[in-house]
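Structural overview for review
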Amino acid sequence: MREIVVFSGSAHRPLAAAICSSIGVDLSGVELTRFSNDCLQAQLQANCRQRDVYIVQPLVPPTQEHLMELLLMVDAAKGASAAQITAVIPHYAYARSDKKDASRISLGGRLVADMLATAGVTRVLTMTLHAPQVHGFFSVPVDHLSALGVLAEHFQGRDLSDTVVVSPDLGNAKTATQFARLLGLPVAAGSKQRLADDRVVIDAVVGDVAGKHALILDDEIATGGSIVELLDKLQELGCTSASVACTHGLFVGKAVERLRGHPMITETVTTDTVPPADWPELTVRSVAGLFGEAISRVHAGESISSLFDGVDPALAPPQPRLPFPV
């Protein structure tokens with residue numbers, strides 16, 4: 001079997017090191033150079049010839065910088081005759097640019113997918129895309145991991161008798177329903193209208209939240225505007241308190257200030273798909289083991305979907321086939 005070689009850009013080296021530790025390989029070095037004209041250059045410091053190369057790089061701020069690093073590392077591995085090149089992108093930032101909802105607007109999610117394939121990526125390993133249709137933007141195989149099981153573990157074993165899982169918007173309601181099933185809880189969802197990147201209005205909540213503790217689940221929290229708007233609406237409807245859980249805790253701008261000081265929030269939980277914010281009270285659950293297991297299975301040609309047995313109903317056994325006349 002071919003040897004595994006893992007590299008990391010500058011976006012989140014601690015996660016890359018933890019993934020390597022979980023699969024028992026060393027994190028290989030990368031020399032990133034910035035020239036006087038602001039151009040970048042990447043040089044891989046380990047042999048890639050006929051090896052399976054994994055490059056760990058979440059697309060986090062500065063996003064364009066980290067995207068360019070990733071593309072250059074992929075190009076270097078391709079030029080070094082790697083047998084396979086897997087881009088491990090725990091947070092695929094451009095997934096939010098997934099539809100043409102205004103005139104003459106770019107589709108960044110598809111464009112970046114095309115750029116990765118052109119650079120030489122043969123497989124993508126990512127987690128919790130903002131919208132499932134982004135999976136279809138890629139012309140190479142994509143293994144789409146879920147953090148629902150990792151987040152649910154944090155809340156299992158508690159008294160959840162007066163708790164309801166709440167999605168900030170109807171688009172995320174299906175994922176929130178899966179999460180609620182793992183914990184045996186009811187589910188509710190906000191009706192959200194986005195006015196700008198950091199401004200939303202939630203005019204209603206579908207579901208019973210009065211007198212209950214809300215467990216708010218979101219895929220990504222950037223500025224925290226949606227969460228604060230939802231909390232205000234939940235409080236108005238008689239909700240007593242809230243826990244906040246998300247996969248990608250970016251917490252940019254005033255997000256930490258907004259959430260840390262909110263009187264309804266009792267705890268905030270996220271994963272380490274992105275570098276953790278400077279927030280002592282924040283609980284961070286690691287997904288390094290999950291990515292490590294996925295890499296091991298990809299390398300051995302084993303099933304990735306079986307990692308999520310009982311977590312994602314979409315990955316249940318196939319339905320019985322309809323009879324086909326001979």
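The structure under discussion appears in the preceding block.
Here the structure is a predicted model, which is why all the values come from computation and not from measurement.

This brings us to the overall build of the chain. Across its full length, the chain holds eight helices and 14 strands. Since a compact globule built from 326 residues should have a radius of gyration of about 20 Å, the 21 Å found for the chain is in line with a globular shape. Reported as C-alpha extents along the three principal axes, the dimensions of the chain are approximately 65 × 60 × 45 Å. By residue count, 50% of the 326 residues in the chain fall in the buried class. The long-range fraction of contacts in the chain, counting pairs at least 24 apart against all pairs at least 6 apart in sequence, stands at 66%.

Right, let's get into the sheet that holds strand β1 (residues 4-8). Here we have five strands laid out as an open sheet, ordered β1-β4-β5-β6-β7, and parallel in their pairing. On the outer flanks of this sheet lie β1 and β7 (142-145), each paired with one strand and no other. Neighbour-to-neighbour, the strand axes of the sheet open up by a mean angle of 20 degrees, direction not taken into account. Sheet topology note: the strand β6 (residues 123-127)/β7 ladder contains four bridges and is parallel. Bridge assignment links M127 to a residue of β7, and that residue is L145. On top of the sheet, helix α2 (residues 63-79) reaches β1, β4 (52-56) and β5 (84-89); it is set at about 165 degrees to β5, its chief contact.

Another point: the pattern of salt bridges. Two side chains of opposite charge can pair, provided their charged atoms sit close to one another. Tallied over the entire structure, the rule returns 11 salt bridges. Measuring nitrogen to oxygen at the nearest pair gives 2.8 Å for the salt bridge that ties R2 to D52. Of this pair, R2 sits in the segment before β1 while D52 sits in strand β4, placing them 50 residues apart in sequence. On the basis of relative accessibility, which here comes to 39%, the residue R2 falls in the partly exposed class. Residue D52 is classed as buried on the basis of its relative accessible area, which comes to 3%. Between R96 and E220 there is a salt bridge, with its nearest N and O atoms 3.3 Å apart. Highlighted residues: R96 in the loop between β5 and α3 (108-119) and E220 in strand β11 (residues 213-221), separated in sequence by 124 residues.

So, about the environment of M68. Summarising the element assignment, M68 is placed in helix α2. Among the residues examined, M68 registers a relative accessible area of 40% and is labelled partly exposed. When the C-alpha positions of M68 and C39 are compared, they lie 9.8 Å apart, and in sequence the two are 29 residues distant.

Here the focus is helix α8 (residues 288-300). Taking 1.5 Å per residue, 13 residues should reach 18 Å; α8 reaches 18 Å between its end C-alpha atoms and fits that length. Every buried residue of α8 is accounted for by A288, L290, F291, G292, A294, I295, R297, V298 and H299. Count one or two residues on from α8 and you reach G301, which has phi positive near 70 degrees.

By secondary structure assignment, the location of S28 is in the loop between α1 (13-23) and β2 (30-34). Judged by relative accessible area, S28 falls into the buried class, the value being 18%.

Moving on, we come to the packing of α2 against α3. Taken N-terminus to C-terminus, the directions of α2 and α3 make an angle of 25 degrees; their axes are 8 Å apart at the nearest point. When the axis of α2 is compared with that of α3, the two are roughly parallel. Packed against α2, whose contacting residues are L67, L70, L71, V74, D75 and K78, the element α3 presents V112, M115, L116, T118 and A119 at the interface. Grouping the constituent residues of the contact of α2 with α3 by class yields eight nonpolar, one polar and two charged.

On to the pairing of β6, then. For β6, the tally of buried residues reaches four of five residues, placing the bulk of the element in the interior. Examined bridge by bridge, β5 and β6 share four bridges and lie parallel to one another. The residue of β6 that forms the bridge with A87 is V124. For the crossover that starts at β5, traverses α3 and ends in the parallel β6, the hand is right-handed.

Moving on, we get to the environment of V269. Secondary-structure assignment places V269 in strand β13 (residues 265-271). Residue classification places V269 among the buried residues on the basis of a relative accessible area of 0%. Linking V269 and Y92, residues 177 residues apart in sequence, is a C-alpha distance of 20 Å. Setting aside its immediate chain neighbours within four residues, V269 contacts L151, H154, F155, V244, A245, C246, T283 and R285.

For the bond from P61 to P62, the omega torsion is -5 degrees, close enough to zero to count as cis. Position of P62 relative to the elements: it lies in the loop between β4 and α2. Even without a glycine there, the phi angle at T128 is positive, about 45 degrees. In this structure, T128 sits in the loop between β6 and β7.

The rules behind the values
- Residues numbered from 1 in each chain as written.
- Predicted model: local features only at pLDDT ≥ 70, side-chain atom pairs only at ≥ 80, totals over all residues.
- Heavy atoms only, no water.
- Helix = DSSP H or I, 4+ residues; strand = E, 2+ residues; numbered from the N terminus.
- Rg over C-alpha atoms; globule rule 2.2 N^0.38 Å.
- Buried < 20%, exposed > 50% of the residue type's maximum accessible area, 1.4 Å probe, protein only.
- Contact = heavy atoms within 4.5 Å.
- Pairing = 2+ DSSP bridges.
- Axes fitted to C-alpha atoms, helices over the stretch in contact; angles between N-to-C directions.
- Salt bridge = Lys/Arg side-chain N within 4 Å of Asp/Glu carboxyl O.
- Expected span 1.5 Å × (residues − 1).
- Parallel < 35°, antiparallel > 145°, perpendicular 65-115°, else oblique.
- Nonpolar A, V, L, I, M, F, W, Y, C, P; charged D, E, K, R; others polar.
- Right-handed = clockwise from strand over helix to strand, strands pointing away.

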